[in-house]
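Next come the chains, spelled out residue by residue.
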Amino acid sequence: MNLEQAQARVQALHDILNEHNYRYHVLDQPTISDAEYDQLLRELIELEREFPELSTPDSPTQRVGGEILPHFEKVEHLSPMLSLGNAFNEQDLREFDERVRKAAGDKPVRYVCELKIDGLAVSLRYEDGRFVLGATRGDGTVGEDITQNLKTIRSLPLKLRQPVSLEVRGEAYMPRAAFARLNSVREERGEALFANPRNAAAGSLRQLDPKLAAERTLDIFLYGIGQNEGLSFTTHTEALAFLSELGFKVNPERRTVEGVEEMLQYVQEWQERRPDLAYDIDGIVIKVDDLALREEMGFTAKSPRWAIAYKFPAEEAVTRLEEIELNVGRTGVVTPTAVLQPVSLAGTTVKRASLHNEDMIREKGLMLGDHVIVKKAGDIIPEVVAVLTDKRTGDERPFTMPTHCPECESRLVRLEGEVALRCINPACPAQTREGIIHFVSRGAMNIEGLGEKVVTQLFERGLVRSVADLYYLKSEDLLRLERMGEKSVANLLRAIEASKSNSLERLLFGLGIRFVGAKGAKILAQHYGSMEALLSATEEELTQLEEIGPKMAASITTYMKKPEVRETLRRLAEAGVNMHYTGPAPVRAGDGAMESPFAGKTVVITGTLERMSRKEASELLESLGAHVTGSVSKKTDLLIAGEKAGSKLDKANKLGITVWDEETFLAHLPK
Ligand code: IVH
């Protein structure tokens, strides 16, 4: 390929990748599989490597994180990034409306109500449609250049759908699920946990190493246009629609309302629906829609007169810290939990709160018996935010972390670079028990009827000491447990029996090998095919696999060498537990996925299939690059309808979605 041809291909790849990125991250309607996307991206990376002069700052390859920065450059904002006045109750909102109506000449006013995203305000500059600079708010006048980190946000367009020059403002945030994932990984690694998604987002955007920022999943909603060349709108509603047209992610829950009553209704509605959101919000922003009226109203020194932020009532309460309980997790990490005098908070009674780790207790200066403030953010577990030291009576007792494991009394250690204390005794009963709970859990061997309580009983009575023992349980053992009748015992034994035929990845994940999550387990199972093959894999061989890093590889080989592990595996196999991968063959980019008629398609399965279960069909489809969902919507590309298909079939017909019967489906499977 000569330079000219390469240039044309690079340009085409930019367009294709940008389009698919937009469909996936902004519209949430992907049309190609991840594997196909990755293959196109790899092609672009290769071309840029071969022709470095074709690598540009707005290339889709730039999202993975560039050079480590020595510091962030300062950026002066084109116009100050202001804050908003606050409203705390209905009265405040009614007064705001009165002020606005006065300026409007006593006419009812149209407002745009938006969710107040709990993240970080950012400003983005685009020149001729290309993203050139992104900055934090800073002190409102001068912020910091975080362009590199912002590029890692997949929903942020590097190139707009029109070649306009403008500054846009919005909120970067971390979705709740990403936050939970991040903290669980940090916990596993013994690193300090983030208190909430906002702090985690702030920490990520202020990373000087953009590769670290790229590992954190952030997202962004844009809510306003700043300086621009030649754009003009009459309403905010229009401006937001234009942002959306340009390819920006604009919050879909925004609503243009007429008058104060409708505004109050929106506020009320979201106060209730707040826990259902995939991200945290801390209030509602209300803005005058008519831009001419905004102009007329102007600003105070700090904030616009035409907008206000309604803040949700703080979900905080004061209570007493009665005790600090210590729990030993599956990986040996000892976590302190606050036992509180029960207090009602945002509709539930709170009795316990996480304290995360020893440092957190020390930083807050917590003593047993202290009055503390507890807070609940969204649907996240409550946490202790502060101690009310002036409420101390002198009867409070200091708390010190134990030096020995509360369960097995072996000495606790703090591994280098970790915040957490760990029990490293492999025979620690707490770890074993938690390990068994993990083994039977839904994502692992999925043994229905074996919950935490039953496992604890089995463990405490010495009936199950290792996961292999589960497969040697007899009905007379189970009948002796609390609340276990003939019927539940029979069901449980059946569930245990059924789990024997699980595909290898479930077993691998269930074993709880450090750093091997569900995804890692699947890659291993697909690649090696059997436990036997995996047992003889070397560390070097493992690291050759994509997505298996040196840490995971080392952890796997160390684990597999242990005599007690070998013994457990021997007993599992002897009991008849399947040690092979029985799922569909992996699809590699370049073969099946490209030809598969299912690649990138959103598919729903309904009714009874004759040749396989719905679950099997779904796994098969996913392996062929489809995205299988549970309900029919406009986004559905295909409905596979078995016998006795009901309302989903009706809905699909109504929406004009392609419907295949089982036979047609089977006929389209790769041979
Ligand atoms: S409008 C003139 N809209 O809340 C200020 N702000 O004090 C224009 N925020 O840190 C801000 N969601 O980043 C606006 N839909 C939304 C918002 C929002 C979150 C943040 C903003 C700022 C603070 C306002």
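Conventions used here
Residues numbered from 1 in each chain as written. Predicted model: local features only at pLDDT ≥ 70, side-chain atom pairs only at ≥ 80, totals over all residues. Heavy atoms only, no water. UniProt positions renumbered as here; feature names shortened; annotations may be inferred. Near = heavy atom within 4 Å. Polar contact = N/O pair within 3.5 Å; in protein donor to acceptor, adjacent residues only side chain to side chain. Areas by Shrake-Rupley, 256 points an atom, 1.4 Å probe, with all protein chains shown as cover. Helix = DSSP H or I, 4+ residues; strand = E, 2+ residues; numbered from the N terminus. Nonpolar A, V, L, I, M, F, W, Y, C, P; charged D, E, K, R; others polar. Core = buried A, V, L, I, M, F, W, Y, C linked by side-chain atoms within 4.5 Å. Buried < 20%, exposed > 50% of the residue type's maximum accessible area, 1.4 Å probe, protein only. Contact = heavy atoms within 4.5 Å. Axes fitted to C-alpha atoms, helices over the stretch in contact; angles between N-to-C directions. Left-handed = near helix turned anticlockwise from the far one by under 90°. Pairing = 2+ DSSP bridges.

- Named according to an unreviewed UniProt entry, the protein chain is DNA ligase originating from Laceyella tengchongensis.
- The Sequence similarities (unreviewed entry) comment attached to the protein chain in UniProt states, word for word, "Belongs to the NAD-dependent DNA ligase family. LigA subfamily."
- The annotation that UniProt attaches to the protein chain under Catalytic activity (unreviewed entry) is "NAD(+) + (deoxyribonucleotide)n-3'-hydroxyl + 5'-phospho-(deoxyribonucleotide)m = (deoxyribonucleotide)n+m + AMP + beta-nicotinamide D-nucleotide."

**Details of the site of the ligand**
In step 1: Lining the immediate surroundings of the ligand are 13 residues, of which Leu 84, Glu 114, Glu 171, Tyr 223 and Lys 287 lie closest.
In step 2: At 2.8 Å, a side-chain N or O of Tyr 223 approaches an oxygen atom of the ligand.
In step 3: In this structure, Lys 287 approaches the ligand through a side-chain N or O atom, which is 3.0 Å from a nitrogen atom.
In step 4: Relative to its unbound accessible surface of 520 Å², the ligand loses 84% to contact with the protein.
In step 5: The set of elements that each furnish at least two residues to the shell around the ligand consists of strand S3 (110-117) and strand S10 (281-288).
In step 6: Among the elements that make up the shell around the ligand, the one with the highest residue count is S3 (4 residues).
In step 7: Tallied by class, residues from the shell around the ligand come to 8 nonpolar, 1 polar and 4 charged.

**Describing the nonpolar core**
Across soluble globular proteins, nonpolar side chains show a tendency to be buried alongside one another.
In step 1: Counting residues in hydrophobic clusters, the biggest one holds 55 residues, and the most contacted among them are Phe 439, Tyr 471, Leu 507, Leu 508, Leu 524 and Leu 572.
In step 2: For this core, the elements supplying multiple residues, two or more each, are helix H12 (429-440), helix H13 (452-460), helix H15 (486-499), helix H16 (504-510), helix H17 (518-528), helix H18 (531-535), helix H20 (550-561) and helix H21 (563-574).
In step 3: If we ignore the near neighbours within four places in the chain, the residues touching Leu 508 are Ile 513, Ala 521, Leu 524, Ala 525, Met 531, Leu 534 and Met 560.
In step 4: If you look at the next biggest cluster of nonpolar residues, it comprises 34 residues, including Leu 124, Leu 166, Phe 194 and Ile 220.

**A look at the packing of helix H3 (residues 90-103) against helix H9 (residues 259-273)**
In step 1: Running from amino to carboxyl end, H3 crosses H9 at an angle of 145 degrees, the nearest separation of the two axes being 10 Å. Considering the relative orientation of H3 and H9, their crossing is right-handed. Side by side, H3 and H9 meet where Glu 90, Leu 93, Arg 94, Phe 96 and Asp 97 of the first sit next to Val 260, Glu 261, Met 263, Leu 264 and Val 267 of the second.

**Thoughts on the sheet that holds strand S22 (residues 627-629)**
In step 1: Ordered by their spatial adjacency, 4 strands build an open sheet running S22-S21-S23-S24, and the pairing between neighbours is parallel. Each edge of the open sheet carries a strand with a single partner, namely S22 and strand S24 (658-661). With direction set aside, neighbouring strand axes in the sheet form an average angle of 30 degrees.
In step 2: In terms of strand pairing, strand S23 (residues 638-641) meets S24 through 4 bridges, oriented parallel. Along S24, the bridge assignment pairs Ala 641 with Asp 661.
In step 3: Against the sheet, helix H23 (residues 614-623) contacts strand S21 (602-606), S22 and S23, and its axis sits at roughly 165 degrees relative to S21.
In step 4: Sheet strands in contact with helix H24 (residues 647-655) are S21, S23 and S24, and its direction is about 145 degrees off that of S23.

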